[in-house]
Amino acid sequence: MKTRAAVAVQAGRPLEILDVDLEGPKAGEVMVEIKATGICHTDDFTLSGADPEGLFPAILGHEGAGIVVEVGAGVTSVRPGDHVIPLYTPECRECAACLSRKTNLCTAIRSTQGQGLMPDGTSRFSLDGQKLHHYMGCSTFSNFTVLPEIAVAKINPDAAFDKVCYIGCGVTTGVGAVINTAKVEIGATAIVFGLGGIGLNVIQGLRLAGADMIIGVDLNPAKQAWGERFGMTHFVNPSEVGGELVPYLVNLTKRGNDTFGGADYTFDCTGNTNVMRQALEASHRGWGKSVVIGVAGAGQEISTRPFQLVTGRTWMGTAFGGARGRTDVPKIVDWYMSGKIEIDPMITHLLRLEDINRGFELMRSGESIRSVVVY
Ligand code: NAD
Ligand code: AHE
Ligand code: ZN
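1. Re the sheet that holds strand β6 (residues 125-127)
The 4 strands lie next to each other as β1-β2-β6-β7, forming an open sheet whose pairing is antiparallel. Both edges of this open sheet fall to β1 (2-7) and β7 (130-131), since each of them pairs with a single strand only. With 2 bridges connecting them, strand β2 (residues 16-22) and β6 associate as antiparallel partners. Bridge pairing links Leu 22 to Phe 125 in β6.

Dropping the structure here:
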């Protein structure tokens, strides 16, 4: 069949809106009509050419929601008509990683997913007979897509697609980083670096967890009001701090008779490796946990003095907020439906697929929090 898609033809070039060919689902696969998709910074990271796993031509997009329209042989957990969110972190419930209960990083299909292919090693997408790569196993910048059954989460059919698509990445990553990865406790102090589509969800996760002090750090002054909207208690613009940022933050987090200072938890939501170091070093001596969420380009590395770790800080990272997609995503949709978490105000722009490149520009300029393409 034909489907309308935004194709990443080459790194660094705007997406092209084209009618592409899509094969139906094979055994263990499902075809989904994508109703809405968010544009995440990671899509832009890959489009820029910085992603060591980036493949072209490809259909990007990994933050979608839609309806199952067809299932392949042997599919039992979903059927046509079900509302689903595609999962770039699948959950097979059978691999060593899933069974370990120590990680959400299911390994069942990771190698073919990283090669832009379905688990059988082929692509369902093509254009004029030429293969198009899948992206992060999702390719939600196509009106119809095919995914493995283990990579879809069945959700409440009353949930609005143009809102809950954001749970496909940004919301789950931010809120999950707080709850699943850092395991923040009531009364904690925290610093969030980067108040974009991910950082604001870390902030609302911290509010949900009951953190006392939630410091937001961003170079864009417009992000102060955004942070406060979701529970930030203090805002720091590094360009307005007279001296070094880390000592400033450490001092700001001193409480009671604590002579050291530093936050109990820090989160990098920028993808900047210098900021990752600042985040680690602004966490508290002895017990601070610093969570890397941002994704950095090929060749980039993080560094710090080993002393920072010897003195009790933990440097950790999270993918998809540590969420087990088929289990946790339906619950997060329910949290949204019951008002536990907010999504609507963060969806700043609704766009048609034809205008998807504008969504990338809005993100690069810091004007949007999330742009959502509605099919
Ligand atoms: P975004 O562009 O919406 O937000 C980034 C924010 O960081 C902006 O507000 C920007 O002003 C701020 N910023 C940039 N440089 C800064 C600096 N030096 N100091 C302070 N603030 C700075 O991006 P996003 O969608 O929120 O994504 C953030 C990062 O998280 C990206 O690297 C993205 O690829 C990554 N990400 C990771 C996961 C995961 O599972 N680990 C999931 C989604 C996104
Ligand atoms: N291909 C990149 C990896 C990028 C990355 O770390 N992706 C995150 C999700 S970002 C969503 O917006 C992730 O899930 N990582 C786990 C995994 O298995 O990729 C690179 O740097 O090579
Ligand atoms: Zn993402």
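2. Some remarks on the site of ligand 1
Inspection of the region around ligand 1 gives 27 residues, with His 41, Thr 42, Ile 198, Asp 218 and Lys 223 positioned closest. In this structure, His 41 approaches ligand 1 through a side-chain N or O atom, which is 2.6 Å from an oxygen atom. Between ligand 1 and Phe 320, the relevant distance is 2.9 Å, taken from an oxygen atom to a main-chain nitrogen or oxygen of the residue. For ligand 1, whose free accessible area comes to 870 Å², the fraction covered by protein is 87%.

3. Points about the nonpolar core
Counting residues in hydrophobic clusters, the biggest one holds 91 residues, and the most contacted among them are Ile 167, Leu 206 and Phe 267. When residues of this core are sorted by domain, at least three fall in each of domain 1 (2-168 + 343-374) and domain 2 (174-318). Ignoring anything within four residues of it in the chain, the contact list for Leu 206 reads Val 178, Val 184, Ala 190, Val 192, Ala 211, Ile 214 and Phe 267. Within the second largest apolar cluster, 13 residues are counted, among which are Phe 193, Val 236, Val 241 and Leu 249.

4. Points about the coordination of the zinc ion (ligand 3)
Note on the zinc ion (ligand 3): its protein donors are Cys 40 (SG), His 62 (NE2) and Cys 169 (SG). The metal-donor distances range over 2.0 to 2.3 Å. Around the zinc ion (ligand 3) sit 4 donor atoms, and with donor-metal-donor angles ranging over 98 to 125 degrees the site reads as tetrahedral. Look at His 62 and you get buried, because its relative accessible area is 0%.

5. As for helix α9 (residues 273-281)
By the burial criterion, the buried members of α9 are Thr 273, Val 275, Met 276, Ala 279, Leu 280 and Glu 281. Packed against the buried residues of α9 are β10 (189-193), α8 (245-252), β13 (265-268), β14 (289-292), α10 (306-310) and β15 (314-317).

6. Here we look at the sheet that holds β14
The 6 strands are arranged β12-β11-β10-β13-β14-β15 in an open sheet whose pairing can be described as parallel. Only two strands of the sheet have a single neighbouring strand rather than two, namely β12 (234-236) and β15. With strand direction ignored, the average angle separating the axes of adjacent strands in the sheet is 20 degrees. Pairing of β10 with β13, which is carried by 4 bridges, proceeds in the parallel orientation. Opposite Phe 193, over in β13, you have Asp 268 as the bridge partner. Contacts from helix α5 (residues 170-182) reach β13, β14 and β15, with the element oriented near 135 degrees to β13.

7. Observations regarding the domain arrangement of the chain
Here the chain is described as being made up of domain 1 (2-168 + 343-374) and domain 2 (174-318). The distance between the C-alpha centroids of domain 1 and domain 2 comes to 29 Å. Between domain 1 and domain 2, the residue contacts involve 10 residues of the former and 16 residues of the latter. Counting the surface lost from both domain 1 and domain 2, the interface buries some 1,000 Å², and carbon and sulfur atoms represent 70% of this. In terms of surface lost to domain 2, no three residues of domain 1 exceed Pro 345, Met 346 and Ile 369, which account for 48% of the buried area on that side. The tally of links between domain 1 and domain 2 comes to 0 salt bridges.

8. Examining the environment of Cys 169
By the element assignment, Cys 169 lies in the loop between α4 (161-164) and α5. Cys 169 gets classed as buried once you look at its relative accessible area, which sits at 5%. Separated by 83 residues in the primary sequence, Cys 169 and Pro 86 have C-alpha atoms spaced 9.5 Å apart. Leave out the neighbours within four places in its chain, and Cys 169 touches Cys 40, His 62, Glu 63, Tyr 88 and Phe 320.

Here is what the cut-offs are and how they apply
- Residues numbered from 1 in each chain as written.
- Chains lettered and ligands numbered in written order.
- Predicted model: local features only at pLDDT ≥ 70, side-chain atom pairs only at ≥ 80, totals over all residues.
- Heavy atoms only, no water.
- Pairing = 2+ DSSP bridges.
- Helix = DSSP H or I, 4+ residues; strand = E, 2+ residues; numbered from the N terminus.
- Near = heavy atom within 4 Å.
- Polar contact = N/O pair within 3.5 Å; in protein donor to acceptor, adjacent residues only side chain to side chain.
- Areas by Shrake-Rupley, 256 points an atom, 1.4 Å probe, with all protein chains shown as cover.
- Core = buried A, V, L, I, M, F, W, Y, C linked by side-chain atoms within 4.5 Å.
- Buried < 20%, exposed > 50% of the residue type's maximum accessible area, 1.4 Å probe, protein only.
- Domains from an automatic or database assignment.
- Contact = heavy atoms within 4.5 Å.
- Donors = N, O, S within 2.8 Å, 3.2 Å for Na, K, Ca; no water.
- Tetrahedral: all angles 85-135°; square planar, octahedral: opposite > 155°, others 65-115°.
- Axes fitted to C-alpha atoms, helices over the stretch in contact; angles between N-to-C directions.
- Buried area = accessible area lost by both parts, 1.4 Å probe.
- Salt bridge = Lys/Arg side-chain N within 4 Å of Asp/Glu carboxyl O.

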